[in-house]
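These are the residues of each chain, in order.
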Amino acid sequence: MASLSDLVNLNLSDQTNKIIAEYIWIGGSGMDLRSKARTLSGPVDDPSKLPKWNYDGSSTGQAPGEDSEVILYPQAIFKDPFRRGNNILVMCDSYTPAGEPIPTNNRFAAAKIFSHPDVAAEVPWYGIEQEYTLLKKDVHWPLGWPNGGFPGPQGPYYCGIGADKAFGRDIVDAHYKACLYAGINISGINAEVMPGQWEFQVGPVVGISAGDELWVARYILERITEIAGVVVSFDPKPIPGDWNGAGAHTNYSTKSMRNQGGLEVIKKAIEKLGLKHKEHIVAYGEGNERRLTGKHETADINKFSWGVANRGASVRVGRETEKDGKGYFEDRRPSSNMDPYVVTSMIAETTILWNP
Amino acid sequence: MASLTDLINLDLSDSTDKFIAEYIWIDAVGGLRSKARTLSGPNNDPTQLPKWNYDGSSTGQAPGKDSEVILYPQAIFKDPFRRGSHILVMCDTYTPAGEPIPTNKRCNAAKIFSHPDVAAEVPWFGIEQEYTLLQKEVKWPLGWPTGGFPGPQGPYYCSIGADKAFGRDIVDAHYKACLYAGINISGINGEVMPGQWEFQVGPAVGISAGDELWVARYILERITEIAGVVVSLDPKPIPGDWNGAGAHTNYSTESMRNEGGFELIKKAIGKLEIKHTQHIAAYGEGNERRLTGRHETASMHKFSWGVANRGASVRVGRDTEKEGKGYFEDRRPASNMDPYVVTSMIAETTLL
């Protein structure tokens, strides 16, 4: 028989100019990614040239049945690593038919903050370290762990290799190349302290693009785990007890921080974050209190702290930044299930626009 | 040993000018049948292809002692399975005397579409074909635990992930295969019930809508055959709190697409309301199990329409309302409807 792969991998560019665009959006829970595809008449590389679309918001908890249309506005284009050719992935956000962002649309407010002249002038850079856990499909227990039991304690797994230490590398490596193909600024990967847990980093990316790129990287990851028959979890503390949680440490700098005298600007910014600790924590991801205990390389959720090279602090400044007198800092508080639109724009707003 | 794949994927264009034509027809119960023959000459004009025949007594379409049913080629598509210069040929079925056999719905539809009043209005159709993938031996939806149920509906519509989306490789293979074949496939999405998917064909004009949808269904079932999975067009495959499967049919005429079109749309909907009972009877077997008024359907017995209302029989999009012209969506047809019947009936009721 002809094979499914022959058909999935058909290169249509000899037959037709048409392309397939996969429109991606975030559903009503704030973490469920949704997508559907449409045919366009030719290649497109500018989101403003893509048509708006709509979806059934009553099926994603975002609209009532009698008035169910939610409108999709294309915001960013990436190459589709699954369909390849001229086919694309399109990151969108959601609006009412009247043109208002729907309540769960966090990108809209973030984009406003990033286009504020004071923020834009500072060219804010973000590098996000996305941790995640791979789970076996039917039992929802981490990949590589014995069913009904536990692997040996943490120690051998961080950046480990070997069939008894690294579980799921093919997913991680496929994801790395797929993201590079797509045009996402993926800067690295590593295996994490808890077995079955991994991390990839996206950045440095400027302003609103940080959120776009991280969300599409998450989309590509879940499409790949779907192919692998494995479930990806962004829960911040997937296994209670003496097992690391999963975070999304957010590295940040502005133009002033990257230039001469930057370290002072960094310290002032960290001070502002300290004053707004509670407001930030509330927006830094659901369930974070199970993860930010003060143990397992986290800071306690109730206390704000910072330090150079201190992985037990809320905010860490690298030794190089201290030595050069300029650079960036790392907000270690966000959990793996944070919304990057919210976190990146909140950090920019507090450190650039807000004054105590 | 040489592999089977090497042989299936042989490129014959260096060896011969001949091509293979797979003739497709619809049997007595709405199933698809096909057989292939070798031809030479032009491969892009249905009128240049020879008529053929098949054993109608093996498909419930003729008695044993007078079993020949004649195939008239009507539309050609590129064969995504054999590729090269090979083709798929959508046919309809006639007696040796030249009469359409009783199960041939295309003939009558073609008559309606060639009526001058209908042709002048250039009727466009966009059909949203929903379907369910079933595990082969147990006929239980793909991805569902055997003897049990997945978590309730909510997470699955347009979803991703191994625990939410079941069978994407079939859906993606089908998308590209249809584009390759020359079918006007405009999109795909995962549906509300897990294991259920949808593809859309359109806009296609007049009789082509039926041809393209039938060939798209043919390609889908050939692909599920490769995947070892069964495709079901039943309108309510799983009773209870699980969505059914429909074939919502979007429709517009030239007048509806132009200035003042919205008024014509309302008039057309009014005519559909008057003929609700006749349409419903022709909109697919078993539809009463699906059109309950729940699960984003309208009740089978009451005709209703509304803007952006997924619980109505006919839905008009917000864009159409805003611009005063456009198209509307008849949400009543079941997934197992015959597109020749539904498209021509909508044209006939609204135009003639």
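Residues numbered from 1 in each chain as written. Chains lettered and ligands numbered in written order. Predicted model: local features only at pLDDT ≥ 70, side-chain atom pairs only at ≥ 80, totals over all residues. Heavy atoms only, no water.

A. Region of interest: unusual backbone geometry. Backbone torsion omega between Gly203(A) and Pro204(A) reads 0 degrees, so that peptide bond is classified as cis. Among the structural elements, Pro204(A) can be located in strand β8 (residues 197-206). The omega angle of the peptide bond from Gly202(B) to Pro203(B) is -5 degrees, so this bond is cis rather than trans. Inspection of the secondary structure puts Pro203(B) in strand β8 (residues 196-205). Of note, Arg84(A) is a non-glycine position whose phi angle comes to about 50 degrees, a positive value. Tracing the backbone through its elements, the reader meets Arg84(A) in the loop between β4 (69-79) and β5 (88-95). Positioned with a positive phi, Ala309(A) is a non-glycine residue whose angle comes to about 60 degrees. On the secondary structure map, Ala309(A) appears in the loop between β11 (306-308) and β12 (315-317). With relative accessibility at 37%, the residue Ala309(A) sits in the partly exposed group. (Helix = DSSP H or I, 4+ residues; strand = E, 2+ residues; numbered from the N terminus. Buried < 20%, exposed > 50% of the residue type's maximum accessible area, 1.4 Å probe, protein only.)

B. Highlighting the pattern of salt bridges. Going through the model one piece at a time under the given rule, you end up with 31 salt bridges over all chains. Salt-bridge contacts for Glu222(A) lead to Lys164(B); the nearest nitrogen and oxygen are separated by 2.8 Å. Of the two residues, Glu222(A) sits in helix α5 (residues 208-228) while Lys164(B) sits in the loop between β6 (124-135) and α4 (168-181), which places them in two different chains. In this structure Lys164(B) comes out as partly exposed when scored by relative accessible area, which is 21%. A salt bridge links Arg106(B) to Asp211(B); its shortest N-O distance comes to 2.8 Å. Placement of Arg106(B) in helix α2 (residues 106-114) and of Asp211(B) in helix α5 (residues 207-227) is noted, with a sequence separation of 105 residues between them. No difference in accessibility class separates Arg106(B) from Asp211(B), as the two residues are buried. Here the residues in one salt-bridge network are Glu22(A), Asp80(A), Arg83(A), Arg223(A) and Asp172(B), joined through shared partners. (Salt bridge = Lys/Arg side-chain N within 4 Å of Asp/Glu carboxyl O.)

C. Up close: the pairing of strand β1 (residues 19-26) of chain B. Residue and element names in this part refer to chain B. Most of β1 sits inside the fold, with seven of its eight residues counted as buried. Of the pairings in the sheet, the one linking β1 to strand β2 (residues 32-39) comprises eight bridges and is antiparallel in character. Counted as the bridge partner of tyrosine 23 is lysine 35 from β2. Counting the residues between successive antiparallel strands, the hairpin from β1 to β2 contains five residues, one of them, glycine 30, with a positive phi of roughly 85 degrees. Sheet topology note: the β1/strand β5 (residues 87-94) ladder contains four bridges and is parallel. Bridging across to β5, glutamate 22 finds its partner in leucine 88. (Pairing = 2+ DSSP bridges.)

D. Highlighting the side chain of Glu198(B). Examined against the element boundaries, Glu198(B) turns out to sit in strand β8. Of note is the side chain of Glu198(B), whose polar atom sits 2.9 Å from the side chain of Gln200(B). (Polar contact = N/O pair within 3.5 Å; in protein donor to acceptor, adjacent residues only side chain to side chain.)

E. Quick look at the interface of chain B and chain A. Every contact between the two is made by 47 residues of chain B and, on the other side, 45 residues of chain A. Carbon and sulfur atoms supply 55% of the area buried between chain B and chain A, which totals about 4000 Å² over both sides. If you sort the residues of chain B by the area they bury against chain A, Tyr157(B), Ile160(B) and Lys176(B) come out on top, with a joint share of 19%. Between chain B and chain A we count seven salt bridges in total. Put simply, chain B and chain A have 21 residue pairs in polar contact (both at pLDDT 80 or more) between them. Considering every element that reaches the side of chain B that touches chain A, the biggest residue donor is α4(B), with ten residues. Tallied by class, residues from the side of chain B that touches chain A come to 24 nonpolar, ten polar and 13 charged. Two elements, strand β2 (residues 33-40) of chain A and strand β7 (residues 185-190) of chain B, share three bridges in a ladder whose sense is antiparallel. Within β7(B), the residue paired with Ala37(A) across the bridge is Ile188(B). (Contact = heavy atoms within 4.5 Å. Buried area = accessible area lost by both parts, 1.4 Å probe. Nonpolar A, V, L, I, M, F, W, Y, C, P; charged D, E, K, R; others polar.)

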